[in-house]
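# Structural overview
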Amino acid sequence: MSAPLQIWHPFTQEALDPRPIRIVKAEGAYLFTEDGRRLIDGISSWWVNIHGHCHPRIMNAIAEQARKLDHVLLAGFSHEPAEELSRRLRTILPPTLTHIFFSDDGSTAVEVALKMAVQYWQNVGRAEKKAIVALENAYHGDTAGAMSVGDDSAFTEPFESMRFPVHRVHSAYCYRCPVGKTRATCDIDCIERLQKLLEEAGSTIAAVIVEPLLQGAGGMIVHPIEFLQRVRRLCSEHDVLLIADEVLTGFGRCGKMFACEAAGVEPDIMCLSKGITGGALPMGATACTDAIHEAFVSTDRTRTFFHGHSYTGNPIACAAAVASLDVFDTEPVFERIVEISRIHAKRLAEIKNHPAVGDVRGIGTVAAIELKAGDAGYMSRLKPKLYEFFVNAGILLRPLGNVVYVLPPYVISPADLNYVYDRIAESLDLFV
Ligand SMILES: Cc1ncc(COP(=O)(O)O)c(C=O)c1O
């Protein structure tokens, strides 16, 4: 008898981690296991789900589109779902972002942004502007380019030889301030490294890439709004493109439709994914300014943007994304977001002074508790213990090492969210 086919699970160490939990159904904020348990999806299934699982409007749109047109390549062809989605995105994006390039996921949205920025400068006759600047604690995905702009970590260590060099500058990680300030004494001094770099080498730099206001996988690090505003100003002063990776922060996650909006900042390029389809299907999108797009339009074929993926602009994914935007228009989505933020703020304030807690931080629908730990970081021994504790309590939370975070679908009920916090409070006494 041949051996059964095995799934190789992501970010999973089979020799140490518990066996994967089989899920048979999902609805709203809940996942239902094969053995009859119900889990509260406290991390929106890796930050993708926004309106709840199996939202009827999105599921119906998928079914309807699947009966009409499943897929066609987007080179030389177009279709209503991609056109409608582009129109709809333009109504919510900063008005300067006029063109949308579709791809498959967050990593490909980032790869597209990086390549677009580098080729843009070549196309306008400034090929020397090709370096990329990225932040400490950054995470932008797992493909080679996205890994290059992500900060050094256990995730990237085996792949050093595959990563292209980037300029690395401080991020505004206030709890572990890189320049030794406190918020009371700080004038966003951590920006100085970027400022100096752009003054000295701006003429060789194509773009600065940031996760606006919230660095996700690096530890749910919330930046002061002024940090992003200063990055924007410096990029404009030194003729450097600003890439905002809104893969996590977009579609209401940080309280506004986009994090950039909360800071009043307009990037030159914006990466979207995760919540774009409401969390139902994979899709990436990279939006850019008219000036960037124009630089690729030429009778000289070598100026073409030679990039594309087989499933670029998949009609069914586009239909799901349009339906997700319909949900924003027809349901009180931002009221739900405000309620989640209110509960986050209240409950974080209650546990802030617990002796096990180092820092609490939050923005929009995202809350994080950084626990004190001798082995702080992704590999912290706290993570597997906490994970198991929460699953046994009927909650999916996947701490980033010693950082426990809550990032629920917007439809989570106040009772369920409070239940999650009650268990987090319990865990502080048990393990730390
Ligand atoms: C900010 C950011 N960019 C990019 C990515 C990569 O997205 P994906 O996992 O869909 O490739 C992620 C994933 O967590 C992310 O948080």
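Look above for the structure.
The paragraphs below set out a description of the structure included in this document. Values in this document were obtained by computation on a predicted structure and should not be read as measured data. (Residues numbered from 1 in each chain as written. Predicted model: local features only at pLDDT ≥ 70, side-chain atom pairs only at ≥ 80, totals over all residues. Heavy atoms only, no water.)

## Re the packing of aromatic side chains
We count it as follows: In summary, the pairing rule links any two rings of Phe, Tyr or Trp, Trp by its six-membered ring, whose centres are within 6.5 Å, and it sorts them by plane angle into stacked for under 30 degrees, edge-to-face for over 60 and tilted for everything else. Secondary structure follows DSSP: runs of H or I at least 4 residues long count as helices, runs of E at least 2 residues long count as strands, and numbering of each begins at the N terminus. Buried, partly exposed and exposed residues are distinguished by accessible area as a fraction of the type maximum, computed with a 1.4 Å probe on protein chains only: under 20%, between the cut-offs, and over 50%, respectively. Our definition puts a charge over a ring when NZ of Lys or CZ of Arg is within 6 Å of the ring centre and also within 35 degrees of the ring normal.
For the structure on display, the rule yields 12 aromatic pairs. The interplanar angle of 85 degrees and the centroid separation of 5.7 Å between the aromatic rings of Phe11 and Trp46 together place this pair among those described as edge-to-face. Taken as a pair, Phe11 in the segment before strand E1 (23–27) and Trp46 in helix H1 (residues 44–47) lie far apart in primary sequence, 35 residues in all. Geometrically, the ring pair formed by Tyr120 and Trp121 is edge-to-face, given 4.8 Å between the ring centres and 70 degrees between the ring planes. Trp121 shares its class with Tyr120; the two are buried. Here the aromatic cluster, defined as three or more aromatic residues joined through ring pairs, consists of Phe11, Trp46, Tyr139, Phe155 and Tyr378. Seen from the ring of Tyr30, Arg38 lies directly overhead, with NZ or CZ sitting 3.9 Å from the centre. Directly above the aromatic system of Trp121 lies the positively charged group of Lys129, at a separation of 4.7 Å from the ring centroid.

## Re helix H3 (residues 80–92)
Rules: An expected span of 1.5 Å times one less than the residue number is assigned to each helix. Here a residue-residue contact requires only that any non-hydrogen atoms of the pair lie within 4.5 Å.
Compared with an ideal rise of 1.5 Å per residue, which puts 13 residues at 18 Å, H3 spans 19 Å between its outermost C-alpha atoms and is within 8% of the ideal. Restricting attention to buried positions, one finds in H3 the residues Pro81, Ala82, Leu85, Ser86, Arg88 and Leu89. Buried positions along H3 lie against helix H2 (56–68), strand E4 (97–103), strand E11 (269–272) and helix H10 (315–330).

## Observations concerning the site of the ligand
What counts is decided by this rule: Whether a residue is near a molecule or strand depends on its heavy atoms: it is near if one of them lies within 4 Å of it. Two N or O atoms form a polar contact when they lie within 3.5 Å of each other; inside protein one atom must be a possible hydrogen donor and the other a possible acceptor, and for residues adjacent in sequence the pair counts only when both atoms belong to side chains.
In the neighbourhood of the ligand, the contacting residues comprise Trp47, Asp105, Gly106, Ser107, Tyr139, His140, Gly141, Glu211, Asp245, Val247, Leu248 and Lys274. Between Gly106 and the ligand, the recorded distance is 2.9 Å, taken from a backbone N or O atom to an oxygen atom. Separating an oxygen atom of the ligand from a side-chain N or O atom of Lys274 is a distance of 3.0 Å.

## Points about the environment of Val360
Locating Val360 in the fold gives a position in strand E13 (residues 357–363). Residues Val360 and Val222 lie 138 residues apart in sequence; the distance between their C-alpha atoms is 9.9 Å. Non-local contacts of Val360, meaning those with residues more than four positions away in its chain, are made with Leu348, Lys352, Ala368 and Ile369.

What is shown is where atoms sit, not what they do.
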